[in-house]
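# A closer look at the structure
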There are 2 protein chains.
Amino acid sequence: MSSRRSPADFLPILRWSRQYRVSLFQEDALAAVIVGIIIIPQALAYAMIAGMSPVTGLYASIFALAVYALFGSSNTLAVGPVAVISLMTAAALGKFGFSSPAEYAAAALLLAFLSGAILFIMGLARLGIMANFLSQPVISAFITASCLIIAAGQLKHFFGIDSSGTVLLEIIASIVQSLRATNPITFCIGLAAVGFLVWSRTGLAEFLQRTGASEKFALSITRTSPLLLIGITSLLVWAFQLDTRGVRLLGEVPSGLPVFTIPVFSVEAMRSLLGSALLIAIIGFVESISVAQSLAARRRERIDVDQELLALGASNIAVSFAGGFPVAGSFSRSVVNFEAGAATPAAGLLTAGLIAVVAMYFTPLLYWLPEVTLAAIILVSVLAIVDFSVFRKSWAYSRADFVAASLTLSLTLLVGVEFGIAAGVIFSILIHLYKTSKPHVAVVGRVAGTEHFRNINRHKVETFENLLSIRIDESLYFANTRYLEEMLFNLVAEKPKLEHVILMCTAVNEIDMSALDTLQSINDTLLEHGIKLHLSEVKGPIMDRLTNTEFFQTLSGNYYLSHNQAVEDLNLREAPLSGL
Amino acid sequence: MSSRRSPADFLPILRWSRQYRVSLFQEDALAAVIVGIIIIPQALAYAMIAGMSPVTGLYASIFALAVYALFGSSNTLAVGPVAVISLMTAAALGKFGFSSPAEYAAAALLLAFLSGAILFIMGLARLGIMANFLSQPVISAFITASCLIIAAGQLKHFFGIDSSGTVLLEIIASIVQSLRATNPITFCIGLAAVGFLVWSRTGLAEFLQRTGASEKFALSITRTSPLLLIGITSLLVWAFQLDTRGVRLLGEVPSGLPVFTIPVFSVEAMRSLLGSALLIAIIGFVESISVAQSLAARRRERIDVDQELLALGASNIAVSFAGGFPVAGSFSRSVVNFEAGAATPAAGLLTAGLIAVVAMYFTPLLYWLPEVTLAAIILVSVLAIVDFSVFRKSWAYSRADFVAASLTLSLTLLVGVEFGIAAGVIFSILIHLYKTSKPHVAVVGRVAGTEHFRNINRHKVETFENLLSIRIDESLYFANTRYLEEMLFNLVAEKPKLEHVILMCTAVNEIDMSALDTLQSINDTLLEHGIKLHLSEVKGPIMDRLTNTEFFQTLSGNYYLSHNQAVEDLNLREAPLSGL
């Protein structure tokens, strides 16, 4: 990755817009229409998951897409409301007992602003690498758990009852309590809707392909099915006046573009939302970058991770001024955008324009849309994401990863969304520290007649009674220095005639302050017993730093460029013992 | 470390008590008297730091020492109240607005119980290795900051005024505000006391040695100086009735042994104290194990880290039933114990007995002890621990460690004790992840005429247009897989005629699930471009696990035992390019 930055690096639109041609516009426009058809039901639905009024989903989509098109380095990433981030928003805001929807909405846009600011600052600091600190099984388990919670949360719409909470047991308990109030018509519409969506994903697509339709055509029919469903169910409700029979409708959805809103910057509110904003920023970023990178790799394009931080940050900040809620790159819509042939970020701009037209002129049509239709759309799309394969795979391959994934899944479901992901991240980092805290350390001896040194447990080698040669196969840092010390003194205790310990540092890429301190104390303690400590084959950059340290200056022994030279030098007066 | 456990492993007293002899008893008894003389003023003083009544310091000492003697694996570790843990206790409890000292004391013993339980459970789970997750500069900076806060907190006693808080600025502000109320007599006693203690540590010891006294004798005089000071100042106050002139006294100290108290197990209280208890447990353990290990190494004795967790846990639990507060291994007293010749944990038992006698019969004498005397003892002993050398050393040696230490120091002083240490720990772990997130990756070529492969940037080697040989010099895990992927696709993009990528895995000690996933996606993406992925020289244990994975079964290329074999096999029909 180059570190020279020009204005076009900061605003990629300056680069691609110069080469924009009609042919690219045609590709982008087609993709924009296809993505637009998918995004509208999703935007309404994911706003509901976030606890916001549905129209804010449209607003968030418009601004997120438009601003991402200016800053983003991916040609195909479709930014906007996504299920998991909406759930995290609901979980973050659900902790406070807001007295009115207006207060709730104000907190949501502050949350978007804070997440955006965090991402933007991380981008300026070029901290894109932080996305790596989440292990894949943890993320995967978290997304599966989130989807299960979202799915459970939709059930209330099927029964036409109220439920609350973002913790699985809470949701289920509150649904069970009010099951008696189930509205049978709502329930039937819901079942039929789910049936239709599942069938259009499987049976319909197959049927169309069998009748000779191209795979592409079949896919696009499948993709319009949510919009079709919205049309059909709205029509049904309107025709039979089902709202008078207890079917809950979306109701009045305001027309027009969002009013410019300014997030309220109360310090108190910011403090209480900061932790949640950080989690949302990280999860949103990791999700976005994963899909952006995998799509880019398929076309041999490049993604700039730090630029993506800026772009996602800017999108969230923009959304916060349009009365929205946190957004991220959507996996499903990005894939559709990619497959529909989006060639440049202009596709996103066009999609934004399309949604703006809908928001201005078509929202009155949404009055008749039953809530259960959106619930069905959510249910089918999130259950498609649920994936337990990580548990099977990690059980077979790596128990530590299995435990991390299981912990994340169960804590997310049972304790809460934020607790679950935080615990998963911390646990996977601890596991890594634990694994590296016991580095491989080999006692080595000389292969007779050569200058090579090998592990005494694996090879027939020469050893010496007054010498202990130890090769450390890991960088030395705080998590493994104590083990090294313990190990070394155990080895020393086994050799009563010991005079010299030589540390062979071929595989040591780093010695941090803690390790330096430990080496110093090893040196001092050995000296008290009349044993000298020597170093051999230290890598150049490490040696440069060691030279001026107190440790090196008080080192009881010598430094040798080659381990053989050390052994030769320290062992002049003694014949080798027989090979082991 | 062996993992066989016998009852004597669990209760080391069963082992050493069988071989107990009179000669050992003599050594232990002498050490017990010397440590006893030091521990009494410290126990009273550290109880005050913790915000407890002084006598609870004696109780905590008795029970901590006695129980540690049963479980501990160190012959010399002296467990009891220590300055830093007392400060952490005060910081933890200061957050709550307790309405009475009784409530405060109840919370303190619950805190001791929780810390003890955490340590004990960690011991059972054999998690002693967790002590390694704190980097040395962070610990060192934290202890220095804690000592500065403790020292500042003592100033109020010198002025005979009130102050509060465990944050430096708060303490200073509250002292400045009430400076006008300074009691001049108290101030003079305080200054004189500090002068006496400093002189006895430096001038007196030197003077005695010059007059021919042995170093040992000089040291023991120095060590009795706090007790001497207590005697002198108490006598002064009593003789001149200085309490009527505003000098604050310790007052009534109850005689006798502690009443058996049971911690209150309110779930609410436990939840709110759990975080603090965890921090206290970890810091207390790391401190204790450091001193225990360094003393043991000097005598070539062994410490069992997991056993120490059990022993410290049991001590804290015992203390919580005796109305105490959290305890740990004391650095200064352990060193004294060691130097005084303590041979077995029986020394601790004897010290406990000695303190019990004091608690039963001599507490009435403490009535006349001015608080400022204890403050002077604390001030001098904590300022002796303050050590800024870590900043100088790390500045010269490792900037990352310098930043970690500075962050810990400043946040501990300015924001708070718990925040400071938590931030330091998290930061040092993140730094480590950051460092390992960009592993060294070398493109390698063949040294002509040999089977050796070397970095193309350092050696004159053969390369091939259709082959890319990459050697990865680090284990693959979640923090570096993304970098590997990015790196690899950049290299691939530079070679238009590429047909084969070979990953040489000689230095890969671990491939976690995240890395496996990344390898799979690399394999799939390369295949889309008609490039095959091969592996060579994978280590045995890793290969065993890889064999059954989907990745390995769908690997587009082959697995080769030797990298040369791979190159030979894949390159049969092409002559080598000229060496670079």
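Higher on the page you've got the structure.
This one's a predicted model, so the numbers in the text were calculated from it and none came from an experiment.

It is worth spelling out the overall build of chain A at this point. Across its full length, chain A carries 23 helices and 8 strands. Burial status across chain A gives 58% buried among its 580 residues. For chain A, the share of sequence-separated contacts (at least 6 apart) that also reach a separation of at least 24 residues comes to 80%. The positive charge centre, built from 38 side chains, and the negative charge centre, built from 41, are 8 Å apart in chain A.

Before going further, it helps to examine the pairing of strand β3 (residues 441–446) of chain B. All names here are of chain B. Counting buried positions along β3 yields 6 of 6 residues, so the element is predominantly enclosed. Burial along β3 is two-sided: Val 441, Val 443 and Gly 445 facing one way and Ala 442, Val 444 and Arg 446 facing the other are all buried. Judged from the 3 bridges that link them, β3 and strand β5 (residues 467–472) form a sheet pairing that is antiparallel. Paired with Val 441 across the strands is Ile 472, a residue of β5. Alignment of β3 against strand β4 (residues 453–455), held across 3 bridges, turns out to be antiparallel. Considered in β4, the bridge of Gly 445 is made with Arg 454. As consecutive antiparallel partners, β3 and β4 are separated by 6 residues, and within that stretch Gly 449 has a phi angle of approximately 80°, a positive value.

Turning next to the pattern of salt bridges. Residue and element names in this part refer to chain B. Under the definition given, this model contains 16 salt bridges over all chains. Salt-bridge contacts for Glu 462 lead to Arg 446; the nearest nitrogen and oxygen are separated by 3.1 Å. In this pair, Glu 462 sits in the loop between β4 and β5 while Arg 446 sits in strand β3, placing the two residues 16 residues apart along the sequence. Each member of the pair, Glu 462 as well as Arg 446, is classed as buried. Residues Glu 510 and Arg 545 are paired through a salt bridge, measuring 3.6 Å at the closest nitrogen-oxygen approach.

Another point: unusual backbone geometry. Residues and elements named next belong to chain A. For Arg 126, which is not a glycine, the phi torsion comes out positive at approximately 55°. On the secondary structure map, Arg 126 appears in the loop between α6 (101–124) and α7 (136–159). Backbone geometry places Gln 241, a non-glycine residue, at a positive phi of 50°. With respect to the helices and strands, Gln 241 occurs in the loop between α10 (215–240) and α11 (267–298). For Gln 241, a relative accessible area of 46% gives the class partly exposed.

Helix length check: helix α6 (residues 101–124) of chain B, at 24 residues, gives a terminal C-alpha distance of 34 Å against a target of 34 Å (1.5 Å per residue), a fit within 8%. Just downstream of α6(B) lies B:Arg126, where phi reads positive at about 55°.

The next subject is the interface of chain B and chain A. Where the parts come together, the accessible area they lose is often given as the size of the interface. At the interface, 60 residues of chain B touch 60 residues of chain A. Of the roughly 5,400 Å² buried at the junction of chain B and chain A (both faces included), carbon and sulfur atoms supply 57%. Looking only at chain B, the three residues that lose the most surface to chain A are B:Tyr397, B:Arg482 and B:Met513, adding up to 17% of its buried area. Taken together, chain B and chain A are joined by 4 salt bridges. Two residues, A:Lys435 and B:Glu510, come together in a salt bridge whose shortest N-O distance is 2.7 Å. Counting across the chain B and chain A interface gives 16 residue pairs in polar contact (both at pLDDT 80 or more). For the side of chain B that touches chain A, the secondary-structure elements that each account for two or more residues are α7 (136–159), α11 (267–298), α16 (389–397), α18 (417–436), α19 (478–493), α20 (513–528) and α21 (540–546) of chain B. A per-element tally of the side of chain B that touches chain A places α19(B) first, with 9 residues. A class-by-class count of the residues in the side of chain B that touches chain A yields 28 nonpolar, 16 polar and 16 charged.

Within the structure shown, the criterion is met by 23 aromatic pairs over all chains. Judged by centre distance (6.0 Å) and plane angle (35°), the rings of A:Phe388 and A:Phe391 are tilted. Residue A:Phe391 is classed as buried on the basis of its relative accessible area of 10%. Ring geometry for A:Phe391 and A:Phe402: centres 6.3 Å apart, planes at 90°, overall edge-to-face. In this pair, A:Phe391 is assigned in helix α16 (residues 389–397) and A:Phe402 in helix α17 (residues 399–414), connecting sequence segments 11 residues apart. Sitting above the plane of the B:Trp395 ring, B:Arg399 keeps its charged end 3.8 Å from the centroid.

The next point concerns the sheet that holds strand β8 (residues 559–560) of chain B. Residues and elements named next belong to chain B. Overall, mixed pairing links the 6 strands, which are arranged β4-β3-β5-β6-β7-β8 in an open sheet. Only two strands of the sheet have a single neighbouring strand rather than two, namely β4 and β8. The pairing of strand β7 (residues 532–536) with β8 spans 2 bridges and is parallel. Counted as the bridge partner of Ser 536 is Tyr 560 from β8. Against the sheet, α19 makes contact with β3, β5 and β6 (500–504), and its axis sits at roughly 155° relative to β5, the strand it touches most. Its contacts with the sheet put helix α23 (residues 563–570) on β3, β4, β5, β6, β7 and β8, and the angle it makes with β6 is roughly 175°.

Turning our eyes to something else, we now look at the packing of α11(A) against helix α12 (residues 305–320) of chain A. Residues and elements named next belong to chain A. It is at 11 Å that the axes of α11 and α12 come closest, and there the two elements cross at 125°. With respect to α12, the axis of α11 lies oblique. Both α11 and α12 take part in a crossing whose hand is right-handed. Counting all contacts with α11, which are made through Gly 284, Phe 285, Ser 288, Ile 289 and Gln 293, the residues of α12 involved are Val 305, Glu 308, Leu 309 and Leu 312.

Placing chain B over chain A gives an RMSD of 0.2 Å and needs a rotation angle of 179°, together with 0.0 Å of translation along the axis. On this basis, the relationship between the two copies can be described by a two-fold rotation axis. Residue by residue, 100% of the interface of chain B is reproduced at the interface of chain A, so both copies engage with the same surface.

A word on the nonpolar core. Within the largest apolar cluster, 337 residues are counted, with the highest numbers of intra-cluster contacts made by A:Val501, A:Leu503, B:Val501 and B:Leu503. With sequence-adjacent residues up to four places away left out, A:Leu503 is seen in contact with A:Ile470, A:Ile472, A:Leu488, A:Leu519, A:Leu533, A:His534, A:Leu535 and A:Ser536.

To continue, consider helix α23 (residues 563–570) of chain A. Each turn of an α-helix holds 3.6 residues, which means side chains three or four residues apart point in the same direction. All names here are of chain A. Among all positions in α23, only His 563, Asn 564, Ala 566, Val 567 and Leu 570 are buried. One side of α23 holds all its buried residues, which, seen down the axis, span an arc of 160°. Tucked into the core, α23 has its buried residues touching β3 (441–446), β4 (453–455), β5 (467–472), β6 (500–504), β7 (532–536) and β8 (559–560).

All names here are of chain B. Inspection of the secondary structure assignment puts Thr 344 in the loop between α13 (331–339) and α14 (346–361). A polar contact is formed between the side chain of Thr 344 and the side chain of Asp 28, at a distance of 2.6 Å. Sequence-distant contacts of Thr 344, that is, excluding residues within four places in its chain, are made with Trp 16, Tyr 20, Leu 24, Asp 28 and Asn 75.

This part covers the sheet that holds β4(A). All names here are of chain A. Here 6 strands make up an open sheet; going across it, the order is β4-β3-β5-β6-β7-β8 and the pairing mixed. Looking at the sheet topology across the chains shown, the edges are occupied by β4 and β8. Here helix α19 (residues 478–493) sits on the sheet in contact with β3, β5 and β6, set at roughly 155° to β5. The strands touched by α23 are β3, β4, β5, β6, β7 and β8; relative to β6, the strand with the most contacts, the crossing angle is about 175°.

On to a nonpolar patch on the surface, then. All names here are of chain B. On the surface, a nonpolar cluster with roughly 590 Å² of combined accessible area is contributed by Leu 257, Val 357, Met 360, Tyr 361, Phe 362 and Leu 365. With respect to the element layout, Leu 365 can be found in the loop between α14 and α15 (371–385). Given the relative accessible area of 60%, Leu 365 is considered exposed.

What counts, and at which threshold
Residues numbered from 1 in each chain as written. Chains lettered and ligands numbered in written order. Predicted model: local features only at pLDDT ≥ 70, side-chain atom pairs only at ≥ 80, totals over all residues. Heavy atoms only, no water. Helix = DSSP H or I, 4+ residues; strand = E, 2+ residues; numbered from the N terminus. Buried < 20%, exposed > 50% of the residue type's maximum accessible area, 1.4 Å probe, protein only. Contact = heavy atoms within 4.5 Å. Lys, Arg positive; Asp, Glu negative; His and termini not counted. Charge placed at Lys NZ, Arg CZ, Asp CG, Glu CD. Pairing = 2+ DSSP bridges. Salt bridge = Lys/Arg side-chain N within 4 Å of Asp/Glu carboxyl O. Expected span 1.5 Å × (residues − 1). Buried area = accessible area lost by both parts, 1.4 Å probe. Polar contact = N/O pair within 3.5 Å; in protein donor to acceptor, adjacent residues only side chain to side chain. Nonpolar A, V, L, I, M, F, W, Y, C, P; charged D, E, K, R; others polar. Phe/Tyr/Trp six-rings, centres within 6.5 Å; stacked < 30°, edge-to-face > 60°. Lys NZ or Arg CZ within 6 Å of the ring centre and 35° of its normal. Axes fitted to C-alpha atoms, helices over the stretch in contact; angles between N-to-C directions. Parallel < 35°, antiparallel > 145°, perpendicular 65-115°, else oblique. Left-handed = near helix turned anticlockwise from the far one by under 90°. Least-squares fit on C-alpha atoms with pLDDT ≥ 70 in both. Core = buried A, V, L, I, M, F, W, Y, C linked by side-chain atoms within 4.5 Å. Arc of directions from axis to C-beta. Patch = residues over 30% accessible without salt bridge, like charges linked within 9 Å, V, L, I, M, F, W, Y side chains within 5 Å. Areas by Shrake-Rupley, 256 points an atom, 1.4 Å probe, with all protein chains shown as cover.

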